[in-house]
Amino acid sequence: MYRSLDISTSGLVAQRQRMNTIAGNIANLHTTRGPNGEPAPFQRRLIRFQAEKVDGSTRLDGTSSSGGAGVTYRVEVDSEPPPRKVHDPGHPDADKDGYVAYPNVNLVTEFVNALEAGRAYEANVAAIEMSKQMAQLALRILG
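Remember, it's a predicted structure, so these values are computed and weren't measured experimentally.

Calculation notes
- Residues numbered from 1 in each chain as written.
- Predicted model: local features only at pLDDT ≥ 70, side-chain atom pairs only at ≥ 80, totals over all residues.
- Heavy atoms only, no water.
- Helix = DSSP H or I, 4+ residues; strand = E, 2+ residues; numbered from the N terminus.
- Buried < 20%, exposed > 50% of the residue type's maximum accessible area, 1.4 Å probe, protein only.
- Areas by Shrake-Rupley, 256 points an atom, 1.4 Å probe, with all protein chains shown as cover.
- Salt bridge = Lys/Arg side-chain N within 4 Å of Asp/Glu carboxyl O.
- Contact = heavy atoms within 4.5 Å.
- Expected span 1.5 Å × (residues − 1).
- Polar contact = N/O pair within 3.5 Å; in protein donor to acceptor, adjacent residues only side chain to side chain.
- Axes fitted to C-alpha atoms, helices over the stretch in contact; angles between N-to-C directions.
- Parallel < 35°, antiparallel > 145°, perpendicular 65-115°, else oblique.
- Left-handed = near helix turned anticlockwise from the far one by under 90°.
- Nonpolar A, V, L, I, M, F, W, Y, C, P; charged D, E, K, R; others polar.

### Focus: the overall build of the protein chain
- When helices and strands are tallied, the protein chain shows two helices and four strands.
- Its helices and strands in sequence order give the protein chain the pattern α-β-β-β-β-α, from N to C terminus.
- Looking at the protein chain as a whole, 24% of its 143 residues are labelled buried.
- With the model as given, the accessible surface of the protein chain reaches about 9,800 Å², and the carbon-plus-sulfur share is 56%.

Here you go:
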């Protein structure tokens with residue numbers, strides 16, 4: 001019972017971090033300078049999910065407890081796609097040919113990812129609610 005709550009909670013935390021990362025990508029859509037002020041486009045961040053390791057402990061009846069696993073996440077910098085080059089000779093960060101390197105962040109992709117993260121968050125909330133209802137029903141039956 002509590003394990004199901006732990007699994008859903010880890011999903012909530014991971015999806016919240018995913019939304020924060022997406023928000024950061026959108027906020028830096030036009031960022032052409034690095035943190036030290038040097039001309040360098042923002043690099044898109046992404047989240048990598050991974051199932052938590054299950055301990056595989058043994059129960060009292062001799063069977064292994066391989067139940068469900070939660071999720072962990074890792075924020076990574078997406079360095080594969082090259083920056084988007086836009087011809088703007090008047091921009092202070094333009095190179096000698098007049099091109100400015102902008103982050104390769106696609107607003108449509110980020111929006112779709114945000115929708116997906118929101119739906120996954122809602123699914124985890126629904127799973128928590130179902131666990132609560134089952135626990136209340138079990139207590140009503142016992143009491």
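### Description of the pattern of salt bridges
- Counted according to the given criterion, the structure contains eight salt bridges.
- A salt bridge links Asp-93 to Arg-33; its shortest N-O distance comes to 2.6 Å. Note that Asp-93 is positioned in the loop between strand S3 (84-87) and strand S4 (99-102) and Arg-33 in the loop between helix H1 (2-27) and strand S1 (45-51), a separation of 60 residues in sequence.
- With a shortest N-O distance of 3.0 Å, Arg-48 and Glu-76 are connected by a salt bridge.

### A few points about the side chain of Asn-124
- Along the polypeptide, Asn-124 turns up in helix H2 (residues 107-142).
- Once you skip the residues sitting within four places of it in the chain, Asn-124 turns out to touch Ser-8, Gly-11, Leu-12 and Gln-15.

### Describing H2
- The end-to-end C-alpha distance of H2 is 53 Å, a good match for the 52 Å that 36 residues give at a rise of 1.5 Å each.
- On its buried side, H2 packs onto H1.
- Of the residues that open H2, the one with a side-chain oxygen 3.0 Å from the backbone nitrogen of Val-108 is Asn-106.

### Considerations on the environment of Glu-38
- Its location among the elements puts Glu-38 in the loop between H1 and S1.
- For Glu-38, a relative accessible area of 34% corresponds to the partly exposed category.
- Taking C-alpha positions, Glu-38 is 9.0 Å from Asp-93, a pair spaced 55 residues apart along the chain.

### Some words on the packing of H1 against H2
- Closest axis-to-axis distance for the H1/H2 pair is 9 Å, and the angle between their directions is 160 degrees. Here H1 lies roughly antiparallel to H2, going by the angle between them. Every pair of crossing elements has a handedness; the one defined by H1 and H2 is left-handed.
- When the residues that make up the contact of H1 with H2 are grouped by side-chain class, the tally is 13 nonpolar, ten polar and four charged.

### Focus: H1
- With 26 residues, H1 should cover 38 Å at 1.5 Å per step; its first-to-last C-alpha distance of 37 Å lies within 8% of that length.
- Among the residues making up H1, those that are buried are Ser-8, Ser-10, Gly-11, Leu-12, Ala-14, Gln-15, Arg-18, Thr-21, Ile-22 and Asn-25.
- Elements in contact with the buried residues of H1: S1, strand S2 (71-77) and H2.

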